[in-house]
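Here's the letter readout for the chains.
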Amino acid sequence: MAAPGRERWSGQAGFVLAAVGSAVGLGNMWRFSYLAAENGGAAFVILYVGLTLAVGIPVLLAELAIGRGAQQSPIRALGHFGGPAWKPLGFVFVLAGFVILSYYGVIAGWTLRYAWIAITSGFGADIAERFGDISEGPDAFLFHLGFMALTIAIVGSGVKAGIERASVVLMPALFAIVAGLALWAATLEGAGAGYTYYLSADFSKLWHPAVIKDAAGQAFFSLSLGMGAMLTYASYLERNQNLPNESVVIAGADVAIAFVAGLVVFPLIFALGLSDKVGASTVGALFITLPQAFAEMGGVGRVVGLLFFFALIVGALTSAMSLLEVVVSSAMDGLGWSRARAALVGGGAITALGAFSAFDIRVLDVSDQFANNILLLGGGFALCVFVGWVMPDPESEIRAGSGEVPWAGIWRLLLRFIVPVFLGYVLYFSVPDTLRAIAGLVAGSP
Ligand code: TRP
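These notes cover the structure that comes with them. (Residues numbered from 1 in each chain as written. Predicted model: local features only at pLDDT ≥ 70, side-chain atom pairs only at ≥ 80, totals over all residues. Heavy atoms only, no water.)

1. What to know about helix 9 (residues 191-199)
Threshold: With a 1.4 Å probe rolled over the protein chains alone, any residue whose accessible area is under 20% of its type maximum counts as buried; one over 50% counts as exposed, and the rest are partly exposed. Secondary structure is summarised from DSSP: a helix means a run of H or I of at least four residues, a strand means a run of E of at least two, and numbering begins at the N terminus for each. Comment: arc refers to directions from the helix axis out to C-beta atoms. Contact between two residues is taken to exist if any of their heavy atoms lie within 4.5 Å; hydrogens are not considered.
Within the span of helix 9, buried status applies to Ala191, Gly194 and Tyr198. Considered in projection along helix 9, the buried side chains sweep an arc of 60° and stay on one side of the axis. Contacts from the buried residues of helix 9 go to helix 2 (26-38), helix 3 (42-70), helix 8 (159-186) and helix 12 (243-271).

2. Some words on the packing of aromatic side chains
Condition: For this analysis, a ring pair means two rings from Phe, Tyr or Trp (six-membered ring only for Trp) whose centres lie within 6.5 Å, classed as stacked if their planes differ by under 30 degrees, edge-to-face if by over 60, and tilted for the remaining angles. Two limits define a charge over a ring: the Lys NZ or Arg CZ must be within 6 Å of the ring centre, and within 35 degrees of the ring normal.
For the coordinates displayed, the defined rule picks out 28 aromatic pairs. For the ring pair tryptophan 110 and phenylalanine 131, a centre distance of 5.3 Å and an interplane angle of 80° mean the geometry is edge-to-face. With a gap of 21 residues between them, tryptophan 110 in helix 5 (residues 87-120) and phenylalanine 131 in helix 6 (residues 127-135) connect regions that are remote in the sequence. Taken individually, tryptophan 110 and phenylalanine 131 each receive the classification buried, so the pair is uniform in this respect. The interplanar angle of 90° and the centroid separation of 5.4 Å between the aromatic rings of tryptophan 389 and phenylalanine 417 together place this pair among those described as edge-to-face. Here phenylalanine 417 lies in helix 18 (residues 408-442) and tryptophan 389 lies in helix 16 (residues 361-390), a separation of 28 residues in the sequence. A network of ring pairs unites the aromatic residues Trp110, Tyr114, Phe123, Phe131, Phe287, Phe294, Phe308 and Phe309 as a single cluster. Taking NZ or CZ as reference, arginine 31 lies 4.7 Å from the ring centre of phenylalanine 221, over its face. Just above the ring of tryptophan 337 sits the side chain of arginine 341; from NZ or CZ to the centre is 4.4 Å.

3. Some remarks on helix 12
The cut-off we apply is this: Helices are assigned an expected span. That span is 1.5 Å times one less than the residue count. Polar contacts here mean pairs of N or O atoms no more than 3.5 Å apart (in protein, one a potential hydrogen donor and the other a potential acceptor; neighbouring residues in sequence count only if both atoms are side-chain atoms).
With 29 residues, helix 12 extends 42 Å from end C-alpha to end C-alpha; this agrees with the ideal 42 Å at 1.5 Å per step. Measuring from the backbone nitrogen of asparagine 245 back to the side-chain oxygen at the start of helix 12 gives 3.1 Å, which picks out asparagine 242 as the cap.

4. Considerations on the environment of alanine 216
If you trace the backbone, alanine 216 turns up in helix 10 (residues 209-222). Between the C-alpha atoms of alanine 216 and leucine 47, which are 169 residues apart in sequence, the distance is 9.1 Å. If we ignore the near neighbours within four places in the chain, the residues touching alanine 216 are Leu51, Leu377, Phe422 and Val426.

5. Describing the site of the ligand
Our working rule: By convention in this text, a residue qualifies as near a molecule or strand provided that one of its non-hydrogen atoms is within 4 Å of it. Values of accessible area rely on a 1.4 Å probe in the Shrake-Rupley scheme; residue burial ignores everything except the protein chains shown.
In the vicinity of the ligand lie 16 residues, with Ala23, Gly27, Tyr104, Phe221 and Ser224 positioned nearest. Contact distances for the ligand include 3.0 Å between a nitrogen atom and a backbone N or O atom of alanine 23. Here serine 222 contributes a backbone N or O atom positioned 3.1 Å from a nitrogen atom of the ligand. About the coverage of the ligand: the protein hides 100% of its 370 Å² of free accessible area.

6. Notes on the packing of helix 3 against helix 16
Rules: To get an axis, a line is fitted to the C-alpha atoms, and for a helix only the part in contact is used. The angle between two axes follows their N-to-C directions and goes from 0 to 180 degrees. Left-handed describes a crossing whose near helix is turned anticlockwise from the far helix through less than a right angle; right-handed describes the clockwise counterpart. Ten residue types, Ala, Val, Leu, Ile, Met, Phe, Trp, Tyr, Cys and Pro, are classed as nonpolar, four, Asp, Glu, Lys and Arg, as charged, and the remainder, Gly among them, as polar.
Between helix 3 and helix 16, whose axes approach to 10 Å, the crossing angle comes to 65°. Considering only the axes of helix 3 and helix 16, their crossing is left-handed. Touching Val59, Ala62, Glu63 and Ile66 of helix 3 are Leu383, Cys384, Phe386 and Val387, all from helix 16. Considering only residue class, the contact of helix 3 with helix 16 consists of seven nonpolar, no polar and one charged.

7. Description of the side chain of lysine 213
What counts here: Asp and Glu count as negative and Lys and Arg as positive, but His and the ends of the chain are not part of the count. Note on definitions: salt bridges are taken to be side-chain nitrogens of Lys or Arg within 4 Å of carboxyl oxygens of Asp or Glu.
Relative to the helices and strands, lysine 213 resides in helix 10. Although lysine 213 is buried, it makes no salt bridge; aspartate 433 carries the closest opposite charge, 4.0 Å away. Beyond its immediate sequence surroundings of up to four residues, lysine 213 is in contact with Asn373, Val426, Ser430 and Asp433.

8. A few points about the pattern of salt bridges
The tally for this structure, following the rule as stated, stands at twelve salt bridges. Where aspartate 333 meets arginine 6, a salt bridge forms, and the shortest distance between an N and an O atom there is 3.8 Å. With a gap of 327 residues between them, aspartate 333 in helix 14 (residues 298-335) and arginine 6 in the segment before helix 1 (12-23) connect regions that are remote in the sequence. We classify aspartate 333 as partly exposed; its relative accessible area is 21%.

9. Observations concerning the side chain of arginine 412
Mapped onto the elements of the fold, arginine 412 is located in helix 18. At a separation of 2.9 Å, a polar atom in the side chain of arginine 412 contacts the side chain of glutamate 395. Residue contacts for arginine 412: discarding those within four places in its chain leaves Val387, Gly388, Met391, Pro394 and Glu395.

10. Notes on unusual backbone geometry
Even without being a glycine, glutamine 71 presents a positive backbone phi close to 55°. Its place among the elements puts glutamine 71 in the loop between helix 3 and helix 4 (74-82). With relative accessibility at 5%, the residue glutamine 71 sits in the buried group. Backbone geometry places aspartate 393, a non-glycine residue, at a positive phi of 45°. Among the secondary structure elements, aspartate 393 is positioned in the loop between helix 16 and helix 17 (394-399).

11. Notes on the packing of helix 1 against helix 8
Test applied: Any angle that falls under 35 degrees is termed roughly parallel, while one over 145 is termed roughly antiparallel, one within 65 to 115 roughly perpendicular, and all others oblique.
Where helix 1 contacts helix 8, the axes come no closer than 8 Å and their chain directions differ by 65°. Of the possible angle classes, the one that applies to helix 1 and helix 8 is roughly perpendicular. Where helix 1 crosses over helix 8, the handedness of that crossing is left-handed. Residue-level contacts link Gly14, Leu17, Ala18, Val20 and Gly21 of helix 1 to Ile163, Glu164, Ser167, Val168, Met171 and Phe175 of helix 8. Of the residues belonging to the contact of helix 1 with helix 8, the class tally is seven nonpolar, three polar and one charged.

12. Notes on a nonpolar patch on the surface
Where we set the bar: For patches, a residue must show more than 30% relative accessible area and have no salt bridge; joins then use 9 Å for like charges and 5 Å for nonpolar side chains, namely Val, Leu, Ile, Met, Phe, Trp and Tyr.
On the surface, Trp389, Val390, Leu413, Phe417 and Ile418 cluster together to form a nonpolar patch covering roughly 480 Å² of accessible area. When residues of the nonpolar patch are traced back to their parent elements, those giving at least two are helix 16 and helix 18. The dominant element in the nonpolar patch, judged by the number of residues it contributes, is helix 18, at three residues. The residue valine 390 is located in helix 16 in this model.

Structural data, given as structure tokens:
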């Protein structure tokens, strides 16, 4: 079944760190904090944790089961268990890889730029004005190009020699930096106001479809679900791993880093009295307000800012690797290309596509909405149906390597009925909204 000589992770730690690397990224440190701030603080955090348990973990485990079971890249894996009718879904996954990485690479480029500023000149008070040039235009494209070159080089080096090696070194560094920054932020005067803002719960917002849609989209994005990234990583596993435990560890680490990142961001913003600027725009909290905070802190701010943006680069890089790997593994399996060629051609095409987002931030915004609200939620819906109803005996796949799984029955039940109904409900609200946003962009209105 498995192609002889298929690449492999070196073992459990390598796989889990790579998967956590995929999950932990800009989503945790950029999207999560502004979504929480906008949508009811701790109430949103509680909703988000609930969705991760009830929706995220089941879908994650579904992807792992398909990937490890089939030992193939997404298009072939779906064909393996579901026949030719399911292969088009795999093509949608590859398309999602193109779309997401094209704008994700641009935002990652901003983080590279900020780290560069911290090293060379330090943050100035004019950062808000400079953000326009950093985020949009030739500079944005150049840093996107640099980031993509790094991603291509690592993914091109192999699963073990590239992706795993980078993750094993970088992820522990990211954990240490984020934890250290959270401890340091607690010592700031005014940190209390930041915690209050972040952690006071406004439950009244919780039941709006828009909030539930945001939380569900974020859970999918943050766990890298709905486009076969986790599926692809699991295809490099032997059948002796405990997938249910690993899915819980991956989701736990992902939620923990998002939560702790909020414990860095909010005290910092409140300690410097910049709170009125949060939420003014989706990117505001991170890319404008935080550098302002670093600027006001002088030398300390430069060091802290560098650490913060370094952690963001690490998160973005290990996530981008998984996005590119979906495209690369598909080209290798489907077209017979070498890894190096697939990484270069696929990554090159994605880099070029990113020009649209780099030169027009509205394209970036709409791509993000399209990917999250339609591609990932739709992909997740299809994955539930696939594992719930089509794949033969998925329970025995997750039992392989883990023995009896007490919640295997509940898992199947969630995938068959509860999660698809929930995702159907969310899609019902999010698809028309998103299509309107795209139509607006095409029509040229802001
Ligand atoms: N999870 C990453 C983040 O939070 C982004 C990411 C990586 C991703 N791979 C993915 C999102 C696959 C969706 C699908 O930043």
